[in-house]
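Survey of secondary and tertiary structure
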Amino acid sequence: MLSSLQLLAQQADRTYFQLARLESMTEWWQWLLLILVCLVVAALVVVMYVFDSVELPVGVALVLGTLRILAFIGLVVFFLQPELRTEQKVVKASRVSVLVDISSSMALEDSNGGSVAGPSRISQVLAEFESGALIEGLRKQHDVVAYAFNEDAQPVELASYPRLPDESAPDAATAARTKRDRAFTEMTVLFAVSGGFFVVSLIAGVVFLVMRGAAGSGGASFALLASIVTVIIAVVLFAVANLRNPHVSMRDVIAGAEKNADGADDDASDSDPESSPVEQRVDWASLLEPRGNYTRLGDAIRYVVNKERGGPVAGMIVFTDGANNAGVSPTVAAAAARTAGIRIYTVGIGSNQAMVNVQVVDVEAPPRVYPGDKFTINGLLRATGMEDRTVSVELVSSPVGSEPGDDELLEEERRVKLGADGEEMALKFDITPETEGRRVFTVRVIAPSEDRDQRDNEKRTTVEVVERKNRVLLIAGGPTREFRFLRNLLYRDKNVETAVLLQTAQPGTAQEADELLLEFPETEDELFEYDCIVGFDPDWDALTVEQVKMVEKFVAEQAGGLFVVAGPVHTPNWSRRPRGDDKMDEIKALYPVIFINRGAATIRTGRFGGDEAWPLAFTREGRDADFLWLGDSALESEQAWADFDGVSGYYGVKDVKAGAYVYARFSDPDTASNDGTLPVYLASQNYGAGRVFFQASGEMWRIRAVDDTFFEKYYTKLIRWASHGRLLRDSSRGVLLVDKDRLMTGEHVEVRAILQDTQREPLDVDEVIATVVDQQNPGEAKTLKLRKVEGGVREGMYSAQFTAVRAGDYRIDLPVPGGLEDEVLSREVRVRVPQLEIEKPERNDELLQTVALNTGGVYYLGAHTPMVRNNVGTGEPVFDVIQRRDQETYLPGTPDIKFEELLRTWLLGLVVGVLCLEWLVRRLSKLA
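Residues numbered from 1 in each chain as written. Predicted model: local features only at pLDDT ≥ 70, side-chain atom pairs only at ≥ 80, totals over all residues. Heavy atoms only, no water.

On a plain count of helices and strands, the protein comes out with 26 helices and 38 strands. Counting over 928 residues, the protein shows a buried share of 47%. Taking contacts inside the protein between residues at least 6 apart in sequence as the whole, the part at least 24 apart equals 75%. Of the roughly 45100 Å² of accessible surface on the protein, 53% is carried by carbon and sulfur atoms. (Helix = DSSP H or I, 4+ residues; strand = E, 2+ residues; numbered from the N terminus. Buried < 20%, exposed > 50% of the residue type's maximum accessible area, 1.4 Å probe, protein only. Contact = heavy atoms within 4.5 Å. Areas by Shrake-Rupley, 256 points an atom, 1.4 Å probe, with all protein chains shown as cover.)

This structure, assessed with the given rule, holds 27 salt bridges. For the salt bridge of aspartate 813 with arginine 811, the shortest nitrogen-to-oxygen distance reads 2.9 Å. Sharing partners across several salt bridges, the network here consists of Glu394, Glu408, Arg444, Glu458 and Arg460. (Salt bridge = Lys/Arg side-chain N within 4 Å of Asp/Glu carboxyl O.)

A few words on the packing of helix H13 (residues 481-492) against helix H20 (residues 708-722). At a minimum axis distance of 11 Å, the contact between H13 and H20 shows a crossing angle of 75°. As judged from the angle between their axes, H13 and H20 are roughly perpendicular. Facing Glu482, Phe485, Leu486, Leu489 and Leu490 of H13, the residues of H20 in contact are Phe711, Glu712, Tyr715, Thr716 and Ile719. (Axes fitted to C-alpha atoms, helices over the stretch in contact; angles between N-to-C directions. Parallel < 35°, antiparallel > 145°, perpendicular 65-115°, else oblique.)

Moving on, we come to the sheet that holds strand S8 (residues 357-364). The 3 strands lie next to each other as S8-S10-S13, forming an open sheet whose pairing is antiparallel. Each edge of the sheet is formed by a strand with only one pairing partner; in this case those strands are S8 and strand S13 (424-431). Neighbour to neighbour, the strand axes of the sheet diverge by 25° on average, direction disregarded. Here S8 runs beside strand S10 (residues 375-384); their pairing, made up of 7 bridges, is antiparallel. Paired with asparagine 357 across the strands is threonine 384, a residue of S10. (Pairing = 2+ DSSP bridges.)

The next subject is a nonpolar patch on the surface. A contiguous nonpolar patch, built from Trp28, Trp29, Leu32, Leu33, Ile35, Leu36, Val37 and Leu39 and spanning about 860 Å² of accessible area, is present on the exposed surface. Within the secondary structure, leucine 36 is located in helix H3 (residues 28-52). Of the residues examined, leucine 36 reaches a relative accessible area of 46% and is grouped as partly exposed. (Patch = residues over 30% accessible without salt bridge, like charges linked within 9 Å, V, L, I, M, F, W, Y side chains within 5 Å.)

The subject of this paragraph is the environment of leucine 427. The topology assignment puts leucine 427 in strand S13. With a relative accessible area of 5%, leucine 427 lands in the buried category. C-alpha of leucine 427 to C-alpha of leucine 381: the two residues are 46 residues apart in sequence and 7.4 Å apart in space. Setting aside residues no more than four positions away along its own chain, leucine 427 makes contact with Ile377, Asn378, Gly379, Leu381, Val393, Arg414 and Val416.

Turning to the sheet that holds strand S3 (residues 95-101), a few remarks are in order. Taking strand neighbours across the sheet as the criterion, the 6 strands line up as S5-S4-S3-S6-S7-S37 in an open arrangement whose pairing is mixed. Each edge of the sheet is formed by a strand with only one pairing partner; in this case those strands are strand S5 (156-161) and strand S37 (859-861). Strand-to-strand twist across the sheet, computed as the mean angle between neighbouring axes with direction ignored, equals 20°. Relative to strand S7 (residues 344-348), strand S6 (residues 313-320) is paired through 5 bridges, and the arrangement is parallel. Within S7, the residue paired with isoleucine 317 across the bridge is tyrosine 345. Where helix H5 (residues 121-131) meets the sheet, its contacts fall on S3 and S6, and the angle it forms with S3 comes to roughly 150°.

Take unusual backbone geometry next. Positive phi, close to 70°, is recorded for aspartate 388, a residue that is not glycine. Among the structural elements, aspartate 388 can be located in the loop between S10 and strand S11 (390-399). For aspartate 388, a relative accessible area of 49% corresponds to the partly exposed category. Positive phi values are uncommon outside glycine, yet alanine 559 reaches one of about 60°.

Shown next as structure tokens:
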């Protein structure tokens, strides 16, 4: 966008004449030679004049001398090569860069205490941008470029605006019209004067002829002199008029006069609305949504300084709370700005008071539990400015739909000693439900009076107590160690009902299972009773085509979970088959990875066994996936996985599918591909309404060496995650899913729905309307349009995304189309602010003032302050404080070709004309 602004730079032209021959003469002898030649020619002219004037009348002698001098002057001018050049002065408009911090800390809502919510920091900035006062004020003197920055290494350019035209100065069309009118006027005057001289010349010629006929008339020579001189003057004036305005001819002057006489507007096109610049419309609300886990204030300043260095930059305005928890120090970037001559005007947003606050960060519980089965509610507590203080924490419950405070039951209360600033404390509450129904569990901290924000002192979660248990179908192509460990684990879990199908088992083989299967379910009703299928190197070839289609429908339409573990026996047999095998193609479509065909090179198809174990290399998605956490927090989980020696084998795949997630890779560097990519070990994808998880080998039993409970946590949480959509179905006609229910501000939430109509057929409408409800502010519900997914794996699928702008609890409600009034699909998501962004959320006045003063700028307090006054109380808005800094550049002119052609024509005409006149006069005077 910046280059387009430069094209709008103001331009001013200056026309001048120069003698090209003299400009090229750089040696002294060249000048000496020119002078000598001129003297010799001048002497010859004088000698000829003296010789001819002996016997001629004085008037005739003067005519001949004048003609010789003119011919000589014409030749000299022709030799000197006069040029008409136009020098262009380009004025690049002064420019101001406006940077806005959109990191997660800008979503914070500062409060003076109590439960009344203040506006978020970014909303204060947004109000100024949407009002247009800042941008329009700056545009009176400068071009304006707006940027946004957060955790990225360089800011993102949002919009650019050219400087507004100066109302007191004529516009380009008016200036061009004035220049044209001046040229027409000058041409008209010169043509008229030259015409007058032509008339005088004609009269003098007639007088000469009359007097020449009268014998002895001595005045005839003077009449001839007058006629010749006036002709020459007329021709010279005509030539000067034409050469001064080479692009305007006599025909143009006559045509222009006629047009003006008619009153026509020959510049009607100047008012053409299509030629006027179109103002850029910007959706500031979406562009300034806070997102990003870090703030790189220094990097943003340095990037703009480097980009604008040497340009007409008048200043830089930065809206921020002063946080800088990553990248270059802002003071170092300010030093670079000072060296480049760029002044920084910082605008501090938010409160500068140290946060004294205790908050309940999160509460997590299983969405559905069973009567009599104990479950755990995990709470997360964090405080700032209250180290070593002791507070009371309550766990209360109430029926869904009751008003806050009504029918509350105190489940447990405990005293907690708070830790250092920003330290998160995990709280566990064990609950044993006795009756069915949905209850809201609230973890509430009784904060002291100095707590600055009482709105975050509690968090809620809803738990439904149901009789139905999680039903798992466990399939194995052989009795591997991993299979046996998981079979026994699920059999002992009272919350799970397990059906086991060991495909190699002989009839009568004993298995620890709630139900022992000898063959795969034959009907949809049988298969759809389960919530998740877990397969250890299953022999999919043993299933019929109809059974494979049932599995696909179980995942895509019934929101069932599929957890598959690759193995060395059956997986190679079916996975390497080329396309065309309908049954195996259906199975491959379910997997989140792309398999290597049998016809391809198989060097990198994996390995099994070996004595050396390699730890898993977790990706960012893997570290953030809470269903893979082995501890109560990301830090504890990371430490637990670090203590794990790892696995020795994996099944190699070609790549992951588009839209799939890779959570971990096999870390042996010898197994990397040519481009250095390590083999995929853990991956998943959303398939229709369900989820599919892939594990490259069955070796997680090894983690029991670190802690016996880790194996249980790993599989229990993964099976629950894979069965998420199945367990949370609110209607038999559809399911609503989110790709994650815990996220940070600025992250995107993908919402998917699989819906059926009243005839149990896939719903066929263009879009369905859901509602996103901020549970702290129910009146601020927003509409979310889920559009039909064309070409998806399943008909009746709808999808949408929304961005979590600020922290809080959100509920997504989707009424089932054509369903009962209270038949609503619902999902809840919780949005948190990243830890680094709230460790020190107060405005950093010292840093922002240092950055401004070190560059010669000004520090402002509050988003509205720069528009009304500056910080030192002078009453000047920022757009009056920042001085205009236009940059002028002169572009050398090029010779006017048309002028050169005209000049050459006139000079040759002059020389030839005067020589012809001289010959004529000499003949009339009877000279040789």
